[in-house]
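Commentary on secondary and tertiary structure
Here is what each chain is made of, one letter per residue.
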Amino acid sequence: MSLPQLHYTSVASGDEVPAGRFTVVDPAIAGPVRAEAAPLLAYDAPEGTPDRLTDARLRSLPVAFAFAALSDGSHLLSRTVATGAGAFHAHAVHLPPGAPIPGRVLPVAAWGAAGWLSSPPGRMLPDPLTSMATAHGPSRGLTREGLGDFAVSRSPWIAAVLSDLRRVSEDPSAPRVVLVERQSADVARWIALATAVLPREHAERLTFTTYTRHPGRRAHQVIGVLPEDAPDISDPRFRVHTASGPRPSGTVADAWAGTAARIWRNRSPELFREAAELPGEPFAAGPLAVTALGAGIALGSGERAAAADWAAERPYALDEKRTLQLADALTAPSDDRTAAECAAALRLLTALDGRCPAAVTAPLAALLVTEAVRGGDVNLEPPARSAFDEPAGERALAALVEELGDELLAELTAGVPLGVARTVQLLRIARLLGVDGADLLPAVVGRLARALLDDPGAGARRALLDLLDEQFDVRTTLLGELDRLAPDHPADAERLLARVALPFTGTQALPHLRMCAEAPGAKARGADRVAVLHTVLRAAGMSPFAEPLVLRTAVGLVWGEDTPTAGEARTLLGETTSDAHRTAGTWSHLVDAALAAPAGDEDSTELAHELLRGFPQELGAQVRARLMLLDFARELRSGAPEPGWADRARALRARAEPAGPPAPLQHAFGALAERLLAPGRPGEELYAFVHSGDEDLIAAYGTAARGEAVLALLGADPAYVADCFTVWNAHPHAGADWTRTRTALLEEVLRPVVRGLSQEGLAAVERAVEAEGNSRTLDAFRAWNRPSRSLGRLGRRIAGRVRRG
């Protein structure tokens, strides 16, 4: 039974858009279908077509052969041809929803079918598709040989076109594919090439037209246009391919399209049917690539990787012959092999190991070992030793040792850092090949340990743990070396262990590594750094007295780049001996803690005293002088300093220069100033200070005199007020710094206190001033405290105005 047909013929019209009418229509075709089909069947001749056409010119005009999807789910296969100047005739076959094409031929196969008519028939004839149902293969121009010739002529563009066709087949919203050809028959050939490759369900639904002058008005997935009607390549609605233009540059990153293109270029379309019988998702490159490689077609690295990955996921899908063919293709000499291909080959080898004889696995394993040694891909893991079982595998292994052994050892002994990944890779390959490198192991592993500490993240990969699992001697040497380096690089070792679970739970002591592993949890559990230190030291399993270096590791883990407080440093020194800190090298941290402590920290002065006693040989002259400044402050505050305070402070300052941290000097000068401001200080020390002319000492005195302790004493003790007045009113010729400071103290510190006294309080102060000095001193105090009678210039001006008023 024939499919419903319709004929649509042009009619005279003054409009620019070609118009037509239905001449013969099958009654089964409903009105809405005819209305939707009319614009699809219209034909617009190429621009510049003359009004008078010869028969040859008429036949040369493009043919609009199209397959369109209609809104009701049905399809329309049509052929529209020009019949004269501005005249056309369309012959279409309607495929109701769900109705297949007779014989399940693809729509494009009807391109040259004999049943297409170019004029309205006198009666309804059998449709072209039904008449083709018993035919085999495509018709005129779409033969296997013709398509092969066409594919060769269009080889630079095939992969890109197929890739875009894949995209538009998978995603209806993807840009439509525009094929720019001078002959509409070539567009039909393109569609035939594509549908031979596409999965059957996509090939049957692919909509197309071989010719239109207005691609923007067409909803077809594939649109053929003449060069003069091609849209701009930047138009996001289209993917434009111009076979008559320059060859495309670059490669197409689509293994499926690339493989299909190579098959067409080798004129082997039968491989598409063979590949379709293999398991896999639609548009999977693996089945195509495996089939092509089995047929001896050379593929690129990406396509070979796709074949290896597909076979690795389905090692049961290929028989022994095809598996051997695939292995031979993958191991054939190649200058474009990529890391991705090698990784895929390793996955394939892993899947085949134990399933296939060594004749298959050994060549793959040998390829991977060679690529690992010479290819530079540090992520490529060596194959399993079982790949070289059986005599064939042993022979392949011996050949590898002969070829690569010296090269492998030379790189390991070069003495330059190889990086963690490369060192691990070479050590594993050396063990696989049985290359003796025992003499090199200490040096190689030493460089590996330093590299791990320099870049802890580099060890966060499975290959390192695999190496340690496989090679006991490497594990023992590496862990021992890391433990030896940890005291000098505790933070790096801590970061390494946080990223890599090194297996140090065996018989090795490894105290430093155990501390580094314990540190993160200890820090998270408590903020008391000394308590964290104790926790970390317990993890070592050794006492700092027996192994002082654990103290260095612990201090580095807890404080890192920070400086301990003076109190923490005193605890550290008190809990261990100076000998332990001296051996561990942590005494410098204690010194830094003392020198960096703020001026009010009393622990710093006590710590300095203990450091001067504990490390007499280790301290340099400048550091010793700075600590002695702190110790001097301790003596001053303890009440038993040697005489000559000012001279001693100035001498220590000179020995401490360059001054370094300001805190020691602030400690010493502040303590000296406080002592000179205290009641009962020696008069000779005060006199020596006042006449020292030292700007810094006098400034420290001025600062201390403004402190809360002095102000509180001034408010409570009249005798202290009298003492301060006597001192600050004396020595007028001791120097500009003293004069400036004492004058400021009288005005800014003492005067507010005295002015706030009651009459009784003031009387007590006057009695104390007279007792401190004499009657002349009392007269000076009263004169200093007497309010000024002078109004000043502004006051006199105001008073004069008042009088005049």
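Counting restarts for each chain: residues are numbered from 1 in the order of the written sequence. For this predicted model, a pLDDT threshold of at least 70 governs which residues receive local features, and a threshold of 80 or more governs which side-chain atom pairs are given and counted, while totals over whole chains, interfaces and linings are taken from all residues. Each side-chain value is derived from all of the structure's non-hydrogen atoms; neither hydrogens nor water enter the calculation.

Some remarks on the confidence of the model for the protein chain
Test applied: Every residue is assigned a pLDDT by the predictor, reflecting its confidence on a scale from 0 to 100. In this description, contact between two residues means that some pair of their heavy atoms is separated by no more than 4.5 Å.
On average, residues of the protein chain score 90 in pLDDT, and 95% of them are at 70 or above. This stretch, residues 135–139, has a pLDDT under 50; its non-local contacts, to residues over four places away or in other chains, come to six contacts. Overall, residues 798–805 carries pLDDT values under 50, and its contacts beyond four positions in sequence, including any with other chains, amount to one contact.

A look at the sheet that holds strand β5 (residues 87–95)
Where we set the bar: For two strands to be treated as a pair, DSSP must find at least two bridges joining them. Helix and strand definitions follow DSSP, with helices as H or I runs of at least four residues and strands as E runs of at least two, each counted in order from the N terminus. To obtain each axis, a line is fitted to C-alpha atoms, and for helices this fit is confined to the stretch in contact; angles are then taken between N-to-C directions over 0 to 180 degrees.
In spatial order, the strands read β2-β1-β5-β4-β3-β7-β8-β6-β9; together these nine strands make up an open sheet with mixed pairing. Two strands close off the open sheet at either side, each with one partner strand: β2 (20–25) and β9 (238–242). Running at roughly 160° to β9, helix α5 (residues 155–170) makes contact with β6 (176–180), β8 (222–225) and β9 of the sheet.

Focus on helix α16 (residues 420–433)
As a reminder, the rule being used: The length a helix should cover is 1.5 Å for every residue beyond the first. Throughout, exposure labels follow a simple rule: accessible area from a 1.4 Å probe, protein chains only, divided by the maximum for the residue type, with under 20% read as buried, over 50% as exposed, and the rest as partly exposed.
Look at α16: 20 Å from first C-alpha to last across 14 residues, which is about the 20 Å you get at 1.5 Å a residue. Across the 14 residues that make up α16, a large majority, 13, are buried. Trailing α16 by a residue or two, Gly434 shows a phi angle of about 75°, which is positive.

Details of the packing of aromatic side chains
Put simply, the test is: The pairing test for Phe, Tyr and Trp rings, Trp by its six-membered ring, is centres within 6.5 Å, and the orientation test on the planes gives stacked under 30 degrees, edge-to-face over 60, and tilted for anything in between.
Tallied over the full model, the rule gives 17 aromatic pairs. Note on Phe689 and Trp738: the rings are 6.2 Å apart at their centroids and 85° apart in plane angle, and the pair reads as edge-to-face. A residue pair is termed long-range when its members are at least 10 positions apart, and Phe689 in helix α31 (residues 683–690) and Trp738 in helix α35 (residues 736–755) qualify at 49 residues. Trp738 carries the same exposure label as Phe689, and that label is buried. Ring plane angle 85° and centroid distance 5.1 Å describe the contact between Phe725 and Phe781, whose orientation is recorded as edge-to-face. In this pair, Phe725 sits in helix α34 (residues 718–728) while Phe781 sits in helix α37 (residues 775–785), placing the two residues 56 residues apart along the sequence. For the pair formed by Phe725 and Phe781, the shared burial category is buried.

Brief notes about the side chain of His220
Examined against the element boundaries, His220 turns out to sit in the loop between β7 (208–209) and β8. The exposure class assigned to His220 is buried, which follows from its relative accessible area of 5%. Beyond its immediate chain neighbours, meaning those up to four positions away, His220 contacts Leu40, Ala66, Phe67, Ala68, Arg176, Thr207, Phe208 and Thr209.

Comments concerning the packing of helix α21 (residues 511–525) against helix α23 (residues 549–559)
Defined as follows: Every angle not falling under 35 degrees, over 145, or within 65 to 115 is termed oblique; those three ranges are roughly parallel, roughly antiparallel and roughly perpendicular. Each crossing is labelled by how the near helix is turned from the far one, with a counterclockwise turn of less than a right angle marking it left-handed and a clockwise turn marking it right-handed. Gly is placed with the polar residues, together with every amino acid not listed as nonpolar (Ala, Val, Leu, Ile, Met, Phe, Trp, Tyr, Cys and Pro) or charged (Asp, Glu, Lys and Arg).
The N-to-C vectors of α21 and α23 enclose an angle of 30°; their axes lie 10 Å apart at closest approach. Overall, the two elements α21 and α23 adopt an arrangement that is roughly parallel. As for the relative orientation of α21 and α23, their crossing is right-handed in sense. In this structure, α21 contributes Pro511, His512, Met515, Cys516, Ala519 and Lys523 to the contact, and α23 contributes Leu549, Val550, Thr553, Ala554, Leu557 and Val558. Taken together, the residues of the contact of α21 with α23 sort by class into nine nonpolar, two polar and one charged.

Things to note about the pattern of salt bridges
Our working definition: Should a side-chain nitrogen of Lys or Arg be within 4 Å of a carboxyl oxygen of Asp or Glu, the pair is scored as a salt bridge.
Within the structure shown, the criterion is met by 53 salt bridges. Residue Glu274 pairs with Arg322 through a salt bridge whose shortest N-O separation is 3.6 Å. Here the residue Glu274 occupies a position in helix α9 (residues 270–276), and Arg322 occupies one in helix α12 (residues 320–331), the gap between them amounting to 48 residues. Here Glu274 falls in the partly exposed class, since its relative accessible area comes to 34%. Salt bridges here are not isolated pairs; linked through shared partners, they connect Arg304, Asp336, Arg337, Glu341 and Glu371.

Here we look at the layout of surface pockets
Here is the rule: With a 1 Å grid spanning the protein atoms alone, the term cavity applies to any set of points in which a 1.4 Å probe fits but cannot get out, the term pocket to an open set with protein on both sides within 12 Å along at least five of seven lines, and the term lining residue to any residue with an atom within 4 Å of a point. Grid points are joined across faces, edges and corners, and a volume is the space filled by probe spheres set on the points.
Reported here for the largest pocket is a volume of approximately 1,000 Å³. If you go around the largest pocket, you meet 41 residues; those closest to its centre are Thr195, Ala196, Val197, Phe272 and Arg273. Taken together, the elements giving at least two residues each to the lining of the largest pocket come down to α4 (144–153), α6 (184–197), α7 (200–205), α8 (255–265), α9 and α10 (285–294). For the lining of the largest pocket, the element with the highest residue contribution is α9, accounting for five residues. Secondary structure elements with two or more residues in the lining of the second largest pocket: α5, α8 and α11 (301–313). When grouped by side-chain class, the residues that make up the lining of the second largest pocket number seven nonpolar, eight polar and five charged.

A few points about the pairing of β5
The two faces of a sheet get side chains in turn, since along a regular strand they alternate between them. With eight of nine residues buried, β5 lies mostly within the body of the structure. Hairpin connection of strand β4 (residues 75–84) to β5: two residues between the antiparallel strands, including Gly86 at a positive phi of 75°.

Some words on the environment of Asp55
On the secondary structure map, Asp55 appears in helix α2 (residues 55–60). With a relative accessible area of 56%, Asp55 lands in the exposed category. Sequence separation between Asp55 and Thr83 is 28 residues; the distance between their C-alpha atoms is 9.6 Å.

Overview of unusual backbone geometry
Only a minority of non-glycine residues have a phi that is not negative, and only a minority of peptide bonds are not trans. Of note in the backbone geometry, Leu510 takes a positive phi value of approximately 50° without being a glycine. On the secondary structure map, Leu510 appears in the loop between α20 (490–499) and α21. The exposure class of Leu510 is buried, given its relative accessible area of 5%. The backbone phi angle of His731 is positive, close to 55°, even though this residue is not glycine.

Brief notes about the pairing of β8
Burial along β8 is two-sided: Val222 and Gly224 and Ile223 and Val225, pointing in opposite directions, are all buried. Where β7 and β8 come together, two bridges link them in parallel fashion. Within β8, the residue paired with Phe208 across the bridge is Val222.

Observations concerning the packing of helix α36 (residues 759–772) against α37
Each pair of packed helices can be described by the angle between their axes along with the distance between the axes. Interaxial distance between α36 and α37 falls to 7 Å at its minimum, and their mutual angle equals 140°. Judged on the interaxial angle alone, α37 and α36 are oblique. Of the residues in α37, those in contact with Leu762, Val765, Glu766, Val769 and Glu770 of α36 are Ser775, Thr777, Leu778, Phe781, Arg782 and Asn785. A class-by-class count of the residues in the contact of α36 with α37 yields five nonpolar, three polar and three charged.

Some remarks on the side chain of Ser78
For Ser78, the location among the structural elements is in strand β4. Look at Ser78 and you get buried, because its relative accessible area is 3%. Once you skip the residues sitting within four places of it in the chain, Ser78 turns out to touch Leu41, Ala64, Phe65, Ala66, His91, Ala92 and Trp116.

Observations regarding the state of the cysteines
Stated formally: Cysteine sulfur pairs qualify as disulfides if the two atoms are within 2.5 Å.
Applying the stated criterion to the full structure yields zero disulfides. Of the cysteine sulfurs around Cys342, a residue in no disulfide, the closest is that of Cys356, at 19 Å.

Digging into α35
The condition that has to hold: Bend angle per residue: angle between axes fitted to the 7 residues ending at that residue and the 7 residues starting there.
In this model α35 runs 27 Å from its N-terminal to its C-terminal C-alpha over 20 residues, within 8% of the 28 Å that 1.5 Å per residue would give. The sharpest bend along α35 reaches about 35° and sits at Leu746. Taken together, the buried positions of α35 are Trp738, Thr741, Arg742, Leu745, Leu746, Val749, Leu750, Arg751, Val753 and Val754. Elements in contact with the buried residues of α35: α31, α32 (695–705), α33 (708–716), α34, α36 and α37.

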